[in-house]
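Chain and residue survey
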Amino acid sequence: MSPSPHQISSTSFSALATSGGGAQAVAELCAAQESKHRLLVPLIAAEAGTHRHAALVARAYEALSEMEADAPEEVGRLLRHPALGAWALSTCRGRAEPGRLAAVALAAAVRTRTACRLDVPVGDSLMLPSVGLLSLPGDLPEVAEVSVEPVAGGAELQVGGRTYLVDLSGDRPGWQVLHRVAVAPGVTMTIDDLDPYRWPGDDADGRLTGEQRLRWASCLREAWEILRSRHRTVADEVAAAVSVLTPVVARSTDQYSASARVTFGTIALSDPIDGIGMALTLAHELQHAKLDALSAVAELTLPDDGRRFYAPWRPDPRPLFSLLHGAYAHAGVAGFWRRHTEDAEHGPQAQVEFARWREAAYQATGTLLDSDGLTEAGTHFVSALRDTLGRWRAEPVTPAAAAQARLKSEHHRKAWVRANTQV
């Protein structure tokens, strides 16, 4: 389970700085993230020597390594699963149980169709990362022997003398699967609404109902058609980087979404409203994911010096790195609407949104460059982003759209000043 070095080429760095990047640049970011996971998992095994579960962790790591040797692509997909990475990082920081590595090995056994038997820490449930959740009776010991036997469509798990069917296509008694949505040939996304490490925030929502899943799948496929037909580069980047969607509680009647550095590959969102809204969500959160992954291999800002800045999309003052995040994400938002300014249905809204967010992101890049808080790489990155936005500012929109965008921006600035000015 050997990692590759964390790095990104200068060509991909420059491409990402324009607000895009393309599939190759994003593939390099994904490879760096996988490399991080491949560093963390052996570290967990190595540092578990004095833990009460040291022996089962060592055996689980051995089994996982053997399965990777036989099925490297499938185990690689498991190791890239965002919740697994979040757990691994938390464990290395001393905040989570290393014994969960045994459940990771069981998940690998199910995915690779490998028979195995392992001692596993259990409670009233057993989460198999990227696969699903097994509900267990409360009379089991703290550590139970679990055996996996491949069967058609999944596996049979023996736990405490009971047999459970792990069906990869649907729920069964005592079993809840992580549902997958086939978006397009070769593109599948997992809806992770079960793993306790699926989202670091306190707003994670619960299990989707069957009706909600159908709605999510419908909006996702509609969004994908929009991306493939109008935003081909974004579609290629999403296909490379985004593998998981996880539900979070809505904060308003609008579509809410977020991403997090510790769960690269996951987009968290409230119930989608329609296809174009979900397409915008994917384009927006993709930008955050790209910048998170890039900043893991390239320092873009100097250490936080306590200063806070106006961000035209937030009600509160933001640190410099957060301002950079917002500028990059809203350049993506502007770029999305730029492709829809001539639409019969969405054209008027697109013109306003394009005009507003290209200007907001452009202003933010000016603040960033004037801050003296960027590294040399960060200055190059922001300058290239500003050049892209500068070209977009020269593109015409209707006078009405320009006026409406300006009014929205002025209203935001005045509200921000009222909220953040001490009397």
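Up top you'll find the structure we're talking about.
Each value, and the rule that gives it
- Throughout this document, residue positions are counted from 1 along each chain, in the order its sequence is written.
- Predicted model: local features are reported for residues with pLDDT of at least 70 only, side-chain atom pairs are reported and counted for 80 or more only, and whole-chain, interface and lining totals are derived from all residues.
- Neither water nor hydrogens contribute to the side-chain values; these are computed over all heavy atoms in the structure.
- In this scheme, strands are said to pair when DSSP sees at least two bridges between them.
- Where helices and strands are cited, they refer to DSSP runs of H or I of at least four residues and of E of at least two residues respectively, numbered from the N terminus.
- Throughout, an axis means a line fitted to C-alpha atoms (over the contacting stretch in the case of helices), and angles, computed between N-to-C directions, take values from 0 to 180 degrees.
- Pairs of residues are marked as contacts when any of their non-hydrogen atoms sit within 4.5 Å.
- Buried residues are those whose accessible area, probed at 1.4 Å on protein chains only, stays under 20% of the maximum for their type, while exposed residues exceed 50% and partly exposed ones sit between those limits.
- Paired rings are identified among Phe, Tyr and Trp, the last through its six-membered ring, by centres lying within 6.5 Å, and are further divided according to the angle between planes into stacked (under 30 degrees), edge-to-face (over 60) and tilted (the rest).
- By definition, being over a ring means that NZ of Lys or CZ of Arg is both within 6 Å of the ring centre and within 35 degrees of the ring normal.

**Focus: the sheet that holds strand S5 (residues 154-159)**
Within the open sheet, the four strands sit side by side as S1-S4-S5-S6. Their pairing is antiparallel. Each edge of the open sheet carries a strand with a single partner, namely strand S1 (116-121) and strand S6 (162-167). Strand-to-strand twist in this sheet, taken as the mean axis angle between neighbours without regard to direction, amounts to 30°. Two strands pair when backbone bridges link them, and S1 and strand S4 (residues 143-151) are joined in this way by six bridges, in the antiparallel orientation. Bridge assignment links Asp119 to a residue of S4, and that residue is Glu145. Docked against the sheet, helix H3 (residues 54-70) engages S1 and S4, running at close to 140° with respect to S1. Together, S1, S4, S5 and S6 form the strand contacts of helix H6 (residues 101-112), whose direction differs from that of S1 by roughly 150°.

**A short note on the side chain of His330**
Turning to its location among the elements, His330 is positioned in helix H10 (residues 320-338). Residue classification places His330 among the buried residues on the basis of a relative accessible area of 11%. If sequence neighbours within four positions are ignored, His330 has contacts with His284, Trp313, Trp357 and Ala361.

**Observations concerning the sheet that holds strand S7 (residues 175-177)**
Strand pairing in a sheet relies on backbone hydrogen bonds. The paired strands run either parallel or antiparallel. Strand order in the open sheet formed by three strands is S2-S3-S7, with antiparallel pairing between adjacent strands. On the outer flanks of this sheet lie strand S2 (125-128) and S7, each paired with one strand and no other. Averaged over all pairs of adjacent strands, the angle between their axes in this sheet comes to 10°, without regard to strand direction.

**With respect to the side chain of Ser19**
Among the secondary structure elements, Ser19 is positioned in the loop between helix H1 (10-17) and helix H2 (23-47). You can call Ser19 buried: its relative accessible area is 10%. What Ser19 contacts, discounting residues up to four positions off in sequence, is Gln287, Lys290, Tyr328, Ala331, Gly332, Leu385 and Trp392.

**Some words on the packing of aromatic side chains**
Counted by the stated rule, this structure contains five aromatic pairs. Taking the centre distance of 5.3 Å and the plane angle of 85° together, the rings of Phe336 and Trp337 count as edge-to-face. Exposure class is identical for Phe336 and Trp337. Each is buried. Three or more aromatic residues joined by ring pairs make a cluster, and in this case those are Phe13, Tyr328 and Phe381. Sitting above the plane of the Phe354 ring, Arg358 keeps its charged end 4.6 Å from the centroid. Here the basic side chain of Arg413 rests over the ring of Tyr310, its NZ or CZ set 4.1 Å away from the ring centre.

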